[in-house]
Amino acid sequence: NMKHLSEKFKRVQTLIANKKEAGIKDIYEMKHAQLILEFIHTVVKRHKLISKKEIPLLPESSRRAVDDSFMKTADNLYNGLILTLEKYTESVHKD
């Protein structure tokens, strides 16, 4: 669902902006966040190309499988970043 991806995209953009504002640029989390943005951008671009009929449609079952795979990948990338950030937060609060 494109709304789902849009929400994740906005959250990751905010995270990146906050880290850059704090002077944090070249850490794993920033690279991971950039990967998420690039992936979501690719999914959105694919969706636009399909809607403009600029790329051929796959058969319905294949199209559903590809769409599900893209959504799961976006979720996994996003959830992995969130889990990593939560672990850092937990370790800071333990000290």
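### Some details on the nonpolar core
Soluble globular proteins: nonpolar side chains tend toward being buried together.
Part 1: By size, the foremost hydrophobic cluster in this structure holds 17 residues, and its most contacted members are L5, V12, I16, A33, I36 and L81.
Part 2: Going through the elements one at a time, α1 (2-21), α2 (28-51) and α3 (60-94) are the ones with two or more residues in this core.
Part 3: Top contributing element to this core by residue count: α2, with seven residues.
Part 4: The residues touching I36, leaving out its near neighbours within four places in the chain, are V12, L77, Y78 and L81.

### Comments concerning the side chain of T84
Part 1: With respect to the helices and strands, the residue T84 is situated in helix α3.
Part 2: A distance of 2.9 Å separates the side chain of T84 from the backbone oxygen of G80, its partner in a polar contact.
Part 3: Ignoring any residue separated from it by four or fewer positions in sequence, one finds T84 in contact with Y28 and E29.

What counts, and where the lines are drawn
The written sequence of each chain sets the order in which its residues are numbered from 1. Local features in a predicted model are, by the rule used here, given only for residues with pLDDT of at least 70; side-chain atom pairs are given and counted only at 80 or more, and totals for whole chains, interfaces and linings are based on all residues. Computation of side-chain values: all heavy atoms of the structure, hydrogens and water removed. To qualify as a nonpolar core, a set must consist of buried Ala, Val, Leu, Ile, Met, Phe, Trp, Tyr and Cys residues joined through side-chain atoms within 4.5 Å. Exposure categories follow from relative accessible area, calculated using a 1.4 Å probe and restricted to protein chains: below 20% of the type maximum is buried, above 50% is exposed, and the middle band is partly exposed. Each helix is a run of DSSP H or I of at least 4 residues and each strand a run of E of at least 2, with the numbering of both proceeding from the N terminus. Whether two residues are in contact is decided by their heavy atoms, any of which lying within 4.5 Å being enough. Polar contact is defined as a pair of N or O atoms within 3.5 Å, subject to the rule that within protein one atom must be able to donate a hydrogen and the other to accept it, and that residues adjacent in sequence are counted only when both atoms are side-chain atoms.

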